[in-house]
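Structure at a glance
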Amino acid sequence: MRITHLKDMQIKRVILINPPFYYFSGIAAKAANYIRIPLGLCYLASYIREKNDVDVEIIDAPALGLDLVQLKKKILVSDVDFIGISVVTPNVNVTREIISFIKKNKKNVMVVVGGPHVTIRPEDLLDVADVCIRGEGEETLSELIDCLNTGKEIYDIDGIVYKDNVNLKVNPSRRPLECLDEVPFPALDLLDLSRYRHIYPYKNNQRIASILTARGCPYNCHFCGNNSLWNGNVRYRSIDNVIEEIKQIRDKLDVLLFWIEDDLFGSDSRVREFCKKAIDNELNIKWMCHIRCDSISEETLFLMKEAGCLEVQVGVESGDDSILQAINKNLTIKQIESFFRLAKRIGINIWATFIFGLYGENKETIKKSIALSKRLDPTYVTFIHLLPFPGTQIYEDYSAKGYIKTYDWSKYSWHHMPVFETNSLNLRDLVKLKKRAYLEFYLRPRKLFSYIVHLFKTGSVKLMFRNLLLFIKLSLNV
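Residues numbered from 1 in each chain as written. Predicted model: local features only at pLDDT ≥ 70, side-chain atom pairs only at ≥ 80, totals over all residues. Heavy atoms only, no water.

All right, on to the overall build of the chain then. When helices and strands are counted, the chain shows 17 helices and 15 strands. Relative to the compact-globule value of 23 Å for 478 residues, the chain shows a C-alpha radius of gyration of 22 Å, a close match. Considered along the principal axes of its C-alpha atoms, the chain spans approximately 65 × 55 × 40 Å. Counting over 478 residues, the chain shows a buried share of 57%. When contacts within the chain are restricted to residue pairs at least 6 apart in sequence, long-range pairs at least 24 apart make up 74% of them. Carbon and sulfur atoms form 50% of the exposed surface of the chain, whose accessible area is close to 20,400 Å². (Helix = DSSP H or I, 4+ residues; strand = E, 2+ residues; numbered from the N terminus. Rg over C-alpha atoms; globule rule 2.2 N^0.38 Å. Buried < 20%, exposed > 50% of the residue type's maximum accessible area, 1.4 Å probe, protein only. Contact = heavy atoms within 4.5 Å. Areas by Shrake-Rupley, 256 points an atom, 1.4 Å probe, with all protein chains shown as cover.)

Here we take up the sheet that holds strand β4 (residues 110-114). Taken in spatial order, the seven strands of this open sheet run β2-β1-β3-β4-β5-β6-β7, and their pairing is mixed. The open sheet is flanked by β2 (55-60) and β7 (167-170), the only strands paired with a single partner. Each adjacent strand pair in this sheet contributes to an overall mean axis angle of 25°, direction not counted. With six bridges connecting them, strand β1 (residues 13-18) and β2 associate as parallel partners. What sits directly across from V14, in β2, is V56. Here helix α4 (residues 92-105) sits on the sheet in contact with β3 (82-86) and β4, set at roughly 165° to β4. Across the sheet, helix α6 (residues 138-150) lies against β1, β3, β4, β5 (131-133) and β6 (160-164), angled at about 165° from β3, the strand it touches most. (Pairing = 2+ DSSP bridges. Axes fitted to C-alpha atoms, helices over the stretch in contact; angles between N-to-C directions.)

This paragraph deals with the pairing of β7. As judged from the four bridges shared by β6 and β7, these two strands associate in the antiparallel manner. Within the sheet, the bridge partner assigned to D164 lies in β7 and is N167.

With that settled, consider unusual backbone geometry. For N284, which is not glycine, the phi torsion reads 55° and is therefore positive. Its location among the elements puts N284 in the loop between α9 (268-280) and β12 (286-290). One non-glycine residue, E317, adopts positive backbone phi at about 75°. With respect to the helices and strands, the residue E317 is situated in strand β13 (residues 309-317). Overall, the relative accessible area of 4% leaves E317 in the buried class.

Put simply, helix α12 (residues 333-346) and helix α13 (residues 363-376) touch, their axes get as near as 10 Å, and they point 25° apart. The orientation of α12 with respect to α13, classified from their angle, is roughly parallel. Every pair of crossing elements has a handedness; the one defined by α12 and α13 is right-handed. Touching I333, I336, E337, F340 and K344 of α12 are L372, R375 and L376, all from α13. (Parallel < 35°, antiparallel > 145°, perpendicular 65-115°, else oblique. Left-handed = near helix turned anticlockwise from the far one by under 90°.)

As a further point, take the sheet that holds strand β14 (residues 349-356). An order of β8-β11-β12-β13-β14-β15 is seen for the six strands of this open sheet, with the pairing classed as parallel. With partners counted over all chains shown, the strands left at the sheet margins are β8 (208-211) and β15 (380-385), one partner each. The average angle at which neighbouring strand axes cross in this sheet is 20°, direction not considered. Judged from the six bridges that link them, β14 and β15 form a sheet pairing that is parallel. Following the sheet pairing, F356 is matched in β15 by H385.

The subject of this paragraph is α9. Between its first and last C-alpha atoms α9 spans 18 Å; for 13 residues at 1.5 Å apiece the expected length is 18 Å, and the two agree. Residues of α9 that are buried: D268, R270, V271, F274, C275 and A278. Take α9 and look down its axis: the buried residues cluster within an arc of 170°, on one side only. In the core, the buried residues of α9 are packed alongside β10 (235-236), α8 (239-253), β11 (257-260), β12 and α10 (298-306). Directly after α9, the chain includes E282, whose backbone phi takes a positive value near 50°. (Expected span 1.5 Å × (residues − 1). Arc of directions from axis to C-beta.)

If you look at the biggest cluster of nonpolar residues, it comprises 156 residues, and the most contacted ones within it are F82, F274, W287, M304, V312 and F340. Looking at which element gives the most residues to this core, the answer is helix α1 (residues 39-51), with eight residues. The contact partners of W287, leaving out residues within four places of it in the chain, are F258, I260, F265, F274, C275, M304, A307, G308, C309, L310 and E311. (Core = buried A, V, L, I, M, F, W, Y, C linked by side-chain atoms within 4.5 Å.)

So, about the packing of α13 against helix α15 (residues 427-442). Where α13 meets α15, the axes come as close as 10 Å, and the angle between the chain directions of the two elements is 15°. Considering the angle they form, α13 stands roughly parallel to α15. In the crossing of α13 with α15, the sense of the turn from one axis to the other is right-handed. Here K363, I366, K367, I370, S373 and K374 of α13 come into contact with α15, specifically with D429, L430, L433, R436, A437, E440 and F441. When the residues that make up the contact of α13 with α15 are grouped by side-chain class, the tally is six nonpolar, one polar and six charged. (Nonpolar A, V, L, I, M, F, W, Y, C, P; charged D, E, K, R; others polar.)

A separate point is the packing of aromatic side chains. Scanning all chains against the criterion turns up 19 aromatic pairs. Here the aromatic rings of Y407 and W409 are separated by 6.1 Å at their centres, their planes lie at 85°, and the arrangement is edge-to-face. For Y407, a relative accessible area of 38% puts it in the partly exposed group. Here the aromatic residues F354, F356, F383, Y438, F441 and Y442 are joined through ring pairs into a cluster of three or more. Positioned above the aromatic ring of Y43 is the side chain of R215, whose terminal nitrogen or guanidinium carbon lies 4.9 Å from the ring centre. Above the plane of the ring of Y219 lies R292, whose end atom (NZ or CZ) is 3.8 Å from the centre. (Phe/Tyr/Trp six-rings, centres within 6.5 Å; stacked < 30°, edge-to-face > 60°. Lys NZ or Arg CZ within 6 Å of the ring centre and 35° of its normal.)

The quantities given are spatial measurements derived from coordinates; they are silent on function.
Shown next as structure tokens:
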């Protein structure tokens, strides 16, 4: 077996790595990247720090501005027994290079991979990594470290995949954690929170923290891998537990701006409970979340505003009702328009997202999406090409039809070149129409004026130049 040479090792120091990855490339890569907190690694760190009594370090390469060469140097001088790497589809190739470097230069270090991509495709890295952790990782990682430290066999641990000579050994999936309230709060103290920024400039945008109040999503949109990762199940933390975490982050880490990372921030009643308790506990914070246009009532939107909600991110996806139906979005343009009118009247900012290249898409449907974006007029908008990630229904369908033109995972990034073509849209069409979308939305005089006024009001003039570079990147694809 590949990992017998590590059988008698003792794990005292663990490093968890978020590999180098940029949402944007070219001239805007360093000036305008949207750096998100690696919340999954923070949960793993807090769990094993408590359960296994090990020293843990998180190296978040994107936030620290580390390229591959700099990351290798940092690993080389580290005193470490065990390295875990978080893998999403765009960083598979760079992760392979990191692991190969570790195996060449630190032979007695165990390397484990986890995350969405290897949960679906563990075979992509198990020719170099020792073990893959599939799905939810806290208990699996803790058990793995415990087995190594006590001399027990690791080969029957639920939730892992490893290479048995030339064959993959896929162990049974681990049962999901039953009570999320019992999971230690994520170890944000291991990060430099001053390095994280929201993409839109707010006055309190100096330090931001991410929180997760649930795992999973009750919906099954065909472009999303949620169903594959969570089997359609949703587990919720209690609102009291969430409020306590926010208090601790606010008081200990001096953070007043929070991004609720849930794929969907709960039902109307759950959001209303959160808002009421945030007000009753006098949290005095600002926060943002993902919601659907049909999930929140007018009463709750007013309450969200009172409780400090600055912004909601809404996946519009398309300006064509037939496409929304085809992707199993279960929304209509009429519902979307109604929600936008209401949220804008209440005074909550909206980040809208559109996806180009979904089922049945053609030039005319994309033009309808562009027109809808201007009609809705959200605070800001992102237009992205579809990314058919492994584990999504659309990946299976597009792969079967021959639409996917590359399986080089390093090219799978929302703001790079498209990785697919369809019978109705070629690569040139997709690139041209995305440029058109950004130019038509952002170069309207009213939008430009309102954005500049906001920047000056919030004292974010420096961010004006950062976002100018971002706009150039997205518009001109450089």
